[in-house]
Amino acid sequence: AYLAWTMVVLILLARRYAPVARDRPALALGLRLMGLAGWVALGSGGTGQRRFNFPQGIAVDGAGRVYVADSLNDRIVRFDSLTGAGWTAFGSNGAGTGQFDFPAGVALDRAGRIYVSDSSNGRIVRIDDMQGRGWASFRAPGSGPSLFAFPTGIFVDSAGRIYVTDEAHRLVGEGERRGGGRLEL
């Protein structure tokens, strides 16, 4: 339950400070996680290791590793503990394979694959690991009924159904991965 509340706090802070963070990256929000002894701060504003620039989505795998969508650094970050040990990052700015443009959400499926709502590229990306193997992009950007405009939140349930919120379309969609790399919503 504390992880859900942490996500709510991060989303509310992100919404409130988005214009400030975009104009002045030095004011970007750090990530705060709830530990056993209370709030533990991890990171500061910036682009290097243990630095975040507008962190948004967060997920935790079965081993307790934390995944964060580091939106203005256009990457996904994973670390092994609340100390930041085992820090690894994947992604850079762009629209091609291995690139994100404002990733806002991150989720994991039962197999440990990583799903990212790549907001400004209007797509959902799935990778098998933090090296980017198995890159698959679902949907194209657009305004049609089966296209994303600005996907933000993402969740994968235990049956493999994928839930996506799209801010620009003002909708919540549910879908499943189908053959050929399609995401049916």
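Everything discussed here concerns the structure shown above.
What counts, and where the lines are drawn
Residues numbered from 1 in each chain as written. Predicted model: local features only at pLDDT ≥ 70, side-chain atom pairs only at ≥ 80, totals over all residues. Heavy atoms only, no water. Buried < 20%, exposed > 50% of the residue type's maximum accessible area, 1.4 Å probe, protein only. Helix = DSSP H or I, 4+ residues; strand = E, 2+ residues; numbered from the N terminus. Pairing = 2+ DSSP bridges. Contact = heavy atoms within 4.5 Å. Axes fitted to C-alpha atoms, helices over the stretch in contact; angles between N-to-C directions. Phe/Tyr/Trp six-rings, centres within 6.5 Å; stacked < 30°, edge-to-face > 60°.

## A look at the pairing of strand β5 (residues 55-60)
Point 1. β5 sits mainly inside the fold: 5 of its 6 residues count as buried.
Point 2. As consecutive antiparallel partners, β5 and strand β6 (residues 66-70) are separated by 5 residues, and within that stretch G64 has a phi angle of approximately 85°, a positive value.

## Here's the deal with the side chain of D74
Point 1. Inspection of the secondary structure assignment puts D74 in the loop between β6 and β7 (75-79).
Point 2. A residue is classified by how much of its surface remains accessible, and D74, at 9% relative accessible area, is buried.
Point 3. Setting aside anything within four residues of it in sequence, one finds D74 in contact with G91, S92, N93, F100, D101, F102 and P103.

## Observations concerning the sheet that holds β6
Point 1. Spatially, β5-β6-β7-β8 is the arrangement adopted by the 4 strands of the open sheet, whose pairing is antiparallel. Two strands lie at the open edges of the sheet, namely β5 and β8 (88-90), each paired on one side alone. If you compare each strand with its neighbour and ignore which way they point, the axes differ by 20° on average.
Point 2. By the bridge criterion, 5 bridges tie β6 to β7 in an arrangement that is antiparallel. Bridge pairing in β7 places V68 opposite V77.

## Considering the packing of aromatic side chains
Point 1. Summed over all chains, the structure comprises 8 aromatic pairs.
Point 2. Their ring planes at 45° and their centres at 6.4 Å tell us that F155 and Y163 sit as a pair that is tilted.
Point 3. A residue is classified by how much of its surface remains accessible, and Y163, at 26% relative accessible area, is partly exposed.
Point 4. Grouped by ring-pair contacts, the aromatic residues F52, F79 and W87 constitute a single cluster.

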